[in-house]
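If you want the building blocks of each chain, they are given just below.
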Protein chains: 2
Amino acid sequence: MSTSRLMYLPLGGAGEIGMNCYVYGYGPADKERLIVVDLGVAFPDMDSTPGVDLILPDVAWLEARKAQIEAIFITHAHEDHVGAVGHLFERLGAPIYARAFTANIARRKLDEYGVPEGAVTTLSPYPETVEVGPFTVGFVPISHSIPESSGLVIDTPEGRVLHTGDFKIDTNPIVGEAFDADLWASLAKDGVRALVCDSTNVFSKAEGRSESTVGPEIETMMREASGMVVATTFASNIARLQTLASAAKRAGRSVCLLGRSMRRMVEAATDVGILGDFPSVVSVEDAREIPRENLMLLVTGSQGERRAASAQLARGKYLGLSMAEGDTFLFSSKTIPGNERGVIQIMNAFSEMGVDVVYDDEGKYHVSGHANRPDLLTMHQLTKPQILVPMHGEHRHLREHAKLGKAGGIDSIVAVNGMMIDLSGNAPTVAEYIESGRTYLDGSVQVGAFDGIVRDRIRMALNGHVVATLILDENDDPLGDPWCEIKGIAEMGSSDAPLVDVLEHDLGQMINRANDKTLADDDKLEEQIKRTVRQTTQAEIGKKVEVTVVISRLA
Amino acid sequence: MSTSRLMYLPLGGAGEIGMNCYVYGYGPADKERLIVVDLGVAFPDMDSTPGVDLILPDVAWLEARKAQIEAIFITHAHEDHVGAVGHLFERLGAPIYARAFTANIARRKLDEYGVPEGAVTTLSPYPETVEVGPFTVGFVPISHSIPESSGLVIDTPEGRVLHTGDFKIDTNPIVGEAFDADLWASLAKDGVRALVCDSTNVFSKAEGRSESTVGPEIETMMREASGMVVATTFASNIARLQTLASAAKRAGRSVCLLGRSMRRMVEAATDVGILGDFPSVVSVEDAREIPRENLMLLVTGSQGERRAASAQLARGKYLGLSMAEGDTFLFSSKTIPGNERGVIQIMNAFSEMGVDVVYDDEGKYHVSGHANRPDLLTMHQLTKPQILVPMHGEHRHLREHAKLGKAGGIDSIVAVNGMMIDLSGNAPTVAEYIESGRTYLDGSVQVGAFDGIVRDRIRMALNGHVVATLILDENDDPLGDPWCEIKGIAEMGSSDAPLVDVLEHDLGQMINRANDKTLADDDKLEEQIKRTVRQTTQAEIGKKVEVTVVISRLA
């Protein structure tokens, strides 16, 4: 076993925020036994991934080593950690381990693919552990913004690895276990080879604040509001749902949940008995009868998602409920970069209705679920690792976190997706570069990010599209002129004639001039038609359009 | 003339930030003599306006009243105020008035359309005024982030209107005139009928800070930086360019300008003699020979624009210059909502190069060019208007600003684009709703926002595109099977056969089943082909695609 190594390989989540997927391996090079930590998704955007439904980590490398995978561990039930479980399970086919709440969510996702519940094994928190190949793994409770969030203690022949998962340091997190500094220190007492650590908030200089600080502020706000209050946050932020619902109750308001994922999450949390003291909620039917000043709606759509409840309310009636002058809408959330436009659109729509929008830019009604810079230092100091591997961050976060580690005397390495790190030696080194990337769930199909499909869509969106058709007879003689259909481009150009007419005229002239060799050769003909179409659109409307050429030869 | 009225009509900039265009009119209803204030652009984005080059206000209403337009006034040279001058001049055809620097920029834009310089008349600041129809108008210097920014004093038979333009209250703005409270108070001494006032920063609670506060901070940063410093800001923020360049000089660094708009702006400012003490800049060739620690590049691209200098440097070499480990990149700017992704991409690319990115989220190296809430109050108090009309803001800004006015006892009205406000009576009222909107500059063509062109592009981007072709002979008999070309959709679906084959098979069956009546009717045939294609793609790949049907009938 002297040639065995301990390796760490991020396939998602390192060099980006989202789509978490980390691999640990132990064994001889390329024969390592593997475990996977988290199978999350990222969300598409119009700029780079129009029409895509979800973004999954590219697990081709893992799939090719299916027989080496011992197990999959899910640290918590956020979509960027558990969201790909259903879509990727079959390709990896290893047993999944999670704590009860996370397992409940994972099983719902697997069920959509017909995978039986037994695929997921529920583990109790550490000290319970499971032995999987050369690894012994336990779930260590840690505070975050969803119940039963856990770090992992991973014991290996090369020593102990602590994988924090997403975390903050909160000794009063409302829902879920409080951060237990003694527990984390005790895990480290015999030495930690590597701390693989959340980096999201490394640029936030102040100490993180507890979830318990927002409840009183929200209660005051709800007491003072004259009309209905509608609050939004991430549905998966169960602690916040609890905070909001309890504040509403104390302020004399009934709570009604709007939005599928909101109801689902509360249901799952209730299933596993986490939400003991969640106020009873009223149905939408009942909500309609309750005086506005005695009502709080808790709705999905904190990121401005078009189909979520908040956007529906912004457009008018939703399930018979609507906002009115004097109502208040509270964003108990932070806008994720890239979602600003959607959120602002909703804010303005409410403004037009006379609704007061409370957008929490000062953190009065929202606290982050991730450890800030001083909290990261606390974690370093509690666990005193030999090696720090920052994860869960864009490159700038990982780099800054590694700087922080180095400043504290810890051997720190920036490892982005696809970088296999050897953790066995005296210092961490890059063992290999693995092809990693993104897979798009597009409708019901998984397509590679480099398949060119999305690139073609973006081009059609930027440039518009022309279809040019030409029919030739058995002697390669054109039957009539070529003709064109346009989509997504102006109908009139600089000639003040319909663009289609100008295109067909120019193509007709080109075909008349074309020699027999060109007319007999599909590739040449297609190329010339494309070139002519682009020249014409450039001259007429100042754009080089996308072109599809259809050449039909009558046999 | 007893039926004459004074009206205000925003056609852009009220209910959005950008694309400023305000109209004032005086005369009998619909026979008013008109003046236009500002002709600005807004910038497109992939979400709502893919492929569009610029967004212009829809001036159809004005164009239909071309003969009534007395003049166009441009308050300052920012793109959202002057950017549409070239594109719209011909449609409005009225004389343009501006101060020297703004006129210089406007003339460059008009020149691209072959409009002679004489179209723009340069005015000196108030007390110089010009009489245009029933209006007497003067440019009142006001501090903002570009030289010679001005509000307008508009005297009408119904009294005085003060149009602030974009402004902040800065008594030491580095470049351009300081805010002159006495001047604004003196303009109001005989009463102000209406104050039409910038609303951008109404949600910013602290008093605005002076441009002069950032220079010392930047200087310190530049002294402490070990390698090259690259700084970006809006090219049009001449004061900031001055601040950055002077700080660099004091820190012992030569200044090199990168990016066309950066060089252009400095050139225009130098032309009109505004930049007397701007440090001499070095050429790119010379910059390459200067030790990194003695160099500062001042580059375009503070909003992450793909083609700007900052993005080019983030991708590698630009004009022979490149960033290296130990260099510093400073965003002396704020990211406009919606541009976050592009900016973050650049930050991460620099992080990968080992460059320290200073992103100014605490306002140490950047101050806003707009008046904050307390400064707006100061303006209200200085000018004591009868009526407050908030402008230059999204709906939520206008509404909040109107609330602020009302709280101070001023009759305030929220007027968004297309709302014609009668300012003549005792209280402002909505006189009419005018059709307003956006015009897209798309390549070289102006298209209406509701022409469906951009909608089609977005659909192709979201759903992908299939072209289905069918040829029929003179007897309406199909010549062979239909065939398909796909763009932007997966090549393989759930049948594990190429999608094109499945589509052609399904279409072939449909055509075989079709009756003579359908085969003879293009509309019916097209509809059935579309339906079949969508059913098949839905089943195969879970998407309802866009379809173009090409039916060819041999005559």
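Heads up: the structure comes first, above all this text.
Rules of the game
Residues numbered from 1 in each chain as written. Chains lettered and ligands numbered in written order. Predicted model: local features only at pLDDT ≥ 70, side-chain atom pairs only at ≥ 80, totals over all residues. Heavy atoms only, no water. Pairing = 2+ DSSP bridges. Helix = DSSP H or I, 4+ residues; strand = E, 2+ residues; numbered from the N terminus. Contact = heavy atoms within 4.5 Å. Axes fitted to C-alpha atoms, helices over the stretch in contact; angles between N-to-C directions. Parallel < 35°, antiparallel > 145°, perpendicular 65-115°, else oblique. Nonpolar A, V, L, I, M, F, W, Y, C, P; charged D, E, K, R; others polar. Least-squares fit on C-alpha atoms with pLDDT ≥ 70 in both. Salt bridge = Lys/Arg side-chain N within 4 Å of Asp/Glu carboxyl O. Buried < 20%, exposed > 50% of the residue type's maximum accessible area, 1.4 Å probe, protein only.

Trainee: Report on the sheet that holds strand 12 (residues 192-198) of chain A, specifying residues and quantitative values.
Mentor: Residues and elements named next belong to chain A. On the basis of which strands lie adjacent, the open sheet formed by 7 strands has the order 8-9-10-11-12-18-19 and mixed pairing. Strand pairing shows two members of the sheet lacking a second neighbour, strand 8 (130-132) and strand 19 (411-412), which therefore form its edges. Note that strand 11 (residues 159-163) and strand 12 share 3 bridges and pair parallel. Its bridge partner lying in strand 12, His 163 is registered against Val 196. In the packing of helix 12 (residues 373-383) onto the sheet, contacts are made with strand 11, strand 12 and strand 18 (385-391), and the angle to strand 12 comes to roughly 165 degrees.

Trainee: Summarise the packing of helix 13 (residues 395-407) of chain A against helix 11 (residues 340-352) of chain B; cite the residues concerned and give the values.
Mentor: Relative orientation of the contacting elements helix 13 of chain A and helix 11 of chain B amounts to 45 degrees, with a least axis distance of 8 Å. Here helix 13 of chain A lies oblique to helix 11 of chain B, going by the angle between them. On the side of helix 13 of chain A, the interface is formed by His 395, Arg 396 and Arg 399 of chain A, while helix 11 of chain B contributes Ile 344, Met 347, Asn 348, Ser 351 and Glu 352 of chain B. Class assignment of the residues belonging to the contact of helix 13 of chain A with helix 11 of chain B gives a composition of 2 nonpolar, 3 polar and 3 charged.

Trainee: I'd love a proper account of the relation of the copies chain B and chain A, names of residues and values included.
Mentor: With an RMSD of 0.1 Å, the operation that places chain B on chain A is a rotation of 180 degrees combined with a shift of 0.1 Å along the axis. Considering both components of the superposition, the chain copies are consistent with a two-fold axis. Residues of chain B ranked by C-alpha distance from the rotation axis are headed by Ala 461 of chain B, positioned 2.7 Å from it. A shared binding surface is used by both copies, with 100% of the interface residues of chain B retained as interface residues in chain A.

Trainee: So what's going on with the pattern of salt bridges? Which residues, and what values?
Mentor: As enumerated under the stated definition, the model contains 60 salt bridges over all chains in all. Across the pair Arg 399 of chain B and Asp 356 of chain A runs a salt bridge whose closest N-O atoms are separated by 3.3 Å. Within this pair, whereas Arg 399 of chain B is found in helix 13 (residues 395-407), its partner Asp 356 of chain A is found in strand 17 (residues 356-359), the two belonging to separate chains. Judged by relative accessible area, Asp 356 of chain A falls into the partly exposed class, the value being 28%. Salt bridges here are not isolated pairs; linked through shared partners, they connect Arg 5, Glu 32 and Glu 432 of chain A.

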